[in-house]
Amino acid sequence: MEAKNNSTIHWTLLVHEDWKLYMAATSKGLCYVGSQNKPFEQLADWASRRFSGSVLVQDDEKLQPYATELREYFQGKRKSFSVPFDFRGTAFQLAVWNALCGIPYGQTQSYSDIANDIEKPASVRAVGAAIGANPVLISVPCHRVIGKNGSLTGYRGGLDMKTKLLKLENESSLVGGGPLHV
């Protein structure tokens, strides 16, 4: 579903230690968290496709609550996010993205697990495509999805970013059980 209006999308560049990524929000909530060290054009291209007619306005102050939660996550102090989201996608994508939010911090699930969670067990490939279209990296934890055999699989932010996120969660996780595959 594409929003065809002239709404404003506020954005900021989050810089924390060696993390540098663009993030954006509408008046309804966080709508985009970009890949690490990617240019502003990645955000601009995404916004023109998903929020046609919207205007991008830099507003560090308006994005502060979202940036604060991401910084806390990077510091190992936050295991879940409380900020509102403004997802734009198909009903199937929304179901997948909501299922991703249910994967506990420090744990992983397979694409098959997600397909089963949304009661579409035969839709593993479509689940993979929906995960790849996730516009809100980290906060909607698609990095926690791995191959059925435990291998790391594709990630919009790149496998280096995925590995780094899983390692961060593994190191600061108080959850019992086996280690994450990193």
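Values in this document were obtained by computation on a predicted structure and should not be read as measured data.

## Regarding the UniProt feature "domain: Methylguanine DNA methyltransferase ribonuclease-like" (unreviewed entry) in the protein
Line of reasoning, step 1. With numbering matched to this structure, UniProt assigns "domain: Methylguanine DNA methyltransferase ribonuclease-like" (unreviewed entry) to residues 9–87.
Line of reasoning, step 2. End C-alpha to end C-alpha, residues 9–87 measures 13 Å, and it is 28% helix and 29% strand.

## Here we look at the side chain of Ser172
Line of reasoning, step 1. Tracing the chain through its elements places Ser172 in helix 6 (residues 159–172).
Line of reasoning, step 2. When near neighbours in sequence (up to four residues on either side) are disregarded, Ser172 contacts Gly76, Lys79 and Tyr105.

## Let's talk about the domain arrangement of the protein
Line of reasoning, step 1. Each domain of the protein was delimited in the assignment, giving domain 1 (8–75) and domain 2 (91–173).
Line of reasoning, step 2. Taking the mean C-alpha position of each, domain 1 and domain 2 sit 20 Å from one another.
Line of reasoning, step 3. Listed per partner, the contact involves 16 residues of domain 1 and 16 residues of domain 2.
Line of reasoning, step 4. Approximately 1300 Å² of surface area, both sides summed, lies buried where domain 1 meets domain 2, with 58% of it carried by carbon and sulfur atoms.
Line of reasoning, step 5. Of all residues in domain 1, Trp19, Val33 and Tyr73 give up the largest surface area on contact with domain 2, accounting jointly for 43% of the area buried on that side.
Line of reasoning, step 6. The tally of links between domain 1 and domain 2 comes to one salt bridge.
Line of reasoning, step 7. Between Lys164 and Asp18 there is a salt bridge, with its nearest N and O atoms 2.7 Å apart.
Line of reasoning, step 8. Seen at the junction of domain 1 and domain 2, the total is eight residue pairs in polar contact (both at pLDDT 80 or more).

## Description of the environment of Ser54
Line of reasoning, step 1. Residue placement: Ser54 occurs in the loop between helix 1 (40–50) and strand 4 (55–58).
Line of reasoning, step 2. Among the polar contacts made by the side chain of Ser54, one reaches the side chain of Ser7 at a distance of 3.0 Å.

## Considering helix 2 (residues 64–74)
Line of reasoning, step 1. All buried positions along helix 2 are accounted for by Tyr66, Ala67, Glu69, Leu70, Tyr73 and Phe74. Along the axis of helix 2, the buried residues cluster in a sector spanning 160°; they form a single face.
Line of reasoning, step 2. Each element contacted by the buried residues of helix 2 is listed here: strand 1 (8–16), strand 2 (19–25), strand 3 (30–33) and helix 6.
Line of reasoning, step 3. Phi for Gly76, located one or two positions after helix 2, is positive at around 80°.

## Here we look at the nonpolar core
Line of reasoning, step 1. Counting residues in each nonpolar core, the largest one holds 39 residues, and the members touching the most others are Leu100 and Ile138.
Line of reasoning, step 2. Every element with two or more residues in this core is listed here: strand 2, strand 3, helix 2, helix 3 (91–100), helix 4 (111–117), helix 5 (124–132) and helix 6.
Line of reasoning, step 3. Counting residues per element, this core draws most heavily on helix 2, at five residues.
Line of reasoning, step 4. Both domains that meet at this core, namely domain 1 (8–75) and domain 2 (91–173), each give it at least three residues.
Line of reasoning, step 5. Apart from residues no more than four positions distant in its own chain, Leu100 is found in contact with Ile114, Ile131, Asn134, Val140, Pro141, Cys142 and Val145.
Line of reasoning, step 6. Counting ten residues, the second largest nonpolar core, distinct from the first, contains Trp11, Tyr22, Ala24 and Tyr32.

## What about the sheet that holds strand 3?
Line of reasoning, step 1. Within the open sheet, the four strands sit side by side as 3-2-1-4. Their pairing is mixed. At either end of the open sheet lies a strand with only one pairing partner, and these are strand 3 and strand 4. Strand-to-strand twist across the sheet, computed as the mean angle between neighbouring axes with direction ignored, equals 30°.
Line of reasoning, step 2. In the sheet, strand 2 pairs with strand 3 via three bridges, with the strands oriented antiparallel.

## Considerations on the packing of aromatic side chains
Line of reasoning, step 1. Throughout the structure, instances matching the rule amount to eleven aromatic pairs.
Line of reasoning, step 2. Geometrically, the ring pair formed by Trp46 and Phe51 is tilted, given 5.3 Å between the ring centres and 55° between the ring planes.
Line of reasoning, step 3. Since its relative accessible area comes to 9%, Trp46 is described here as buried.
Line of reasoning, step 4. Taking the relative accessible area as the measure of exposure, Phe51 reaches 1% and is therefore buried.

Rules used throughout
Numbering of residues starts from 1 in each chain and follows the order in which that chain's sequence is written. Local features in this predicted model are restricted to residues whose pLDDT is 70 or higher, and side-chain atom pairs enter the listing and the counts only when it is 80 or higher, whereas totals over whole chains, interfaces and linings include all residues. As a convention, hydrogens and water are excluded, and side-chain values are obtained from all of the structure's heavy atoms. UniProt positions are given in the numbering used here, feature names are shortened, and annotations may be inferred rather than shown by experiment. Secondary structure elements are taken from DSSP: a helix is a run of H or I of four residues or more, a strand is a run of E of two residues or more, and numbering for both begins at the N terminus. Any two residues whose heavy atoms approach within 4.5 Å at even a single point are treated as in contact. Each domain's limits were defined by an automated method or a database of domain assignments. Once two parts are brought into contact, the accessible area they lose, counted with a 1.4 Å probe and summed over both, makes up the buried area. For salt bridges, the criterion is a side-chain nitrogen of Lys or Arg within 4 Å of an Asp or Glu carboxyl oxygen. For this analysis, a polar contact is any N or O atom pair within 3.5 Å, provided that within protein one partner can donate a hydrogen and the other can accept it, and provided that sequence-adjacent residues contribute only side-chain to side-chain pairs. Residue exposure (1.4 Å probe, protein chains only): buried if accessible area is under 20% of the type maximum, exposed if over 50%, otherwise partly exposed. The arc in question is traced by the directions running from the helix axis to the C-beta atoms. Nine residue types can take part in a nonpolar core, namely buried Ala, Val, Leu, Ile, Met, Phe, Trp, Tyr and Cys, and a core is a set of them joined through side-chain atoms within 4.5 Å. Between any two strands, pairing holds if DSSP finds at least two bridges. Orientation is described by axes fitted as lines to C-alpha atoms, over the contacting stretch for helices, and by angles from 0 to 180 degrees between their N-to-C directions. Side-chain rings of Phe, Tyr and Trp (the six-membered ring for Trp) are treated as a pair once their centres are within 6.5 Å; stacked means planes under 30 degrees apart, edge-to-face means over 60, and tilted covers the remaining angles.

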